[in-house]
Amino acid sequence: MGFEDEYARKGRKKNRDPIRPFLPVLGLLLAVALAAISWVIHEPLRDFLVEQFPDLPQPGTESFEVVGYIAGGVVFVVLLMIVSMLYTIFAPRPEKLTSESQLKRERDDIDAERRAKKKRQQQIRRNMAKERAKREKDE
């Protein structure tokens, strides 16, 4: 039985957050909303970029629209990163299923078990050495 199995059953609450199953759907809706925002912003941003940087393709050329799509994609990615950062900051954290005292007690038990095992091995080695010495003496 692993560490997670032992403590997961003890501290688990029966009542789950009712909105939790819908989080993937909400994430998809948020992504669609961010895509719509970036689609609305991409044309004014394209025009601004073309004014500021004369090296970019000018209106009337084939790659002029591509500049707008790239700008929209960049806006989408930036908005997505901002929303992701805000979610990670403010998202509810899962409760700790164990306390520090339980962890310390478990560590102490593991250390005691390790010391006992070492002591048993030393005793076995001593006994084997005695038997070996006894056999050599008999021969």
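This text follows the structure it describes.
Since this is a predicted model, take the numbers as computed values, not measurements.

A.B. asks: Tell me what's going on with the overall build of the protein chain, and back it up with residues and numbers.
C.D. replies: Each helix and strand counted, the protein chain has 4 helices and 0 strands in total. Starting at the N terminus and walking to the C terminus, you meet the elements of the protein chain as α-α-α-α. Put simply, the protein chain has 139 residues, and 11% of those count as buried. Here the contacts in the protein chain between residues at least 6 apart in sequence split such that 62% fall between residues at least 24 apart. As presented, the protein chain carries roughly 12300 Å² of accessible surface, and 61% of it is formed by carbon and sulfur atoms.

A.B. asks: Can you explain the packing of helix α2 (residues 23-52) against helix α3 (residues 64-90)? Please cite residues and give values.
C.D. replies: Remark: α2 packs on α3, axes separated minimally by 7 Å, with the N-to-C direction vectors making an angle of 140 degrees. In this view, α2 runs oblique relative to α3, as classed from their interaxial angle. Relative to α3, α2 is oriented so that their crossing is right-handed.

A.B. asks: Outline the environment of Ser101, supporting the account with residue identities and numerical values.
C.D. replies: Among the secondary structure elements, Ser101 is positioned in helix α4 (residues 100-138). Exposure remark for Ser101: the relative accessible area of 45% places this residue in the partly exposed category.

A.B. asks: How would you sum up the pattern of salt bridges? Please name residues and give values.
C.D. replies: Counted by the stated rule, this structure contains 4 salt bridges. A salt bridge links Arg46 to Asp47; the shortest N-O distance between them is 3.5 Å. Note that Glu65 is salt-bridged to Arg46, the shortest N-O span being 3.3 Å. Here the residue Glu65 occupies a position in helix α3, and Arg46 occupies one in helix α2, the gap between them amounting to 19 residues. A relative accessible area of 36% means that Glu65 is categorised as partly exposed. Owing to a relative accessible area of 7%, Arg46 belongs among the buried residues under this scheme. The structure contains a network of salt bridges with shared partners spanning Arg46, Asp47 and Glu65.

A.B. asks: Talk me through the side chain of Ser38; I want residue IDs and the actual numbers.
C.D. replies: Locating Ser38 in the fold gives a position in helix α2. Judged by relative accessible area, Ser38 falls into the buried class, the value being 5%. If sequence neighbours within four positions are ignored, Ser38 has contacts with Gly72, Val75 and Phe76.

Criteria and cut-off values
Residues numbered from 1 in each chain as written. Predicted model: local features only at pLDDT ≥ 70, side-chain atom pairs only at ≥ 80, totals over all residues. Heavy atoms only, no water. Helix = DSSP H or I, 4+ residues; strand = E, 2+ residues; numbered from the N terminus. Buried < 20%, exposed > 50% of the residue type's maximum accessible area, 1.4 Å probe, protein only. Contact = heavy atoms within 4.5 Å. Areas by Shrake-Rupley, 256 points an atom, 1.4 Å probe, with all protein chains shown as cover. Axes fitted to C-alpha atoms, helices over the stretch in contact; angles between N-to-C directions. Parallel < 35°, antiparallel > 145°, perpendicular 65-115°, else oblique. Left-handed = near helix turned anticlockwise from the far one by under 90°. Salt bridge = Lys/Arg side-chain N within 4 Å of Asp/Glu carboxyl O.

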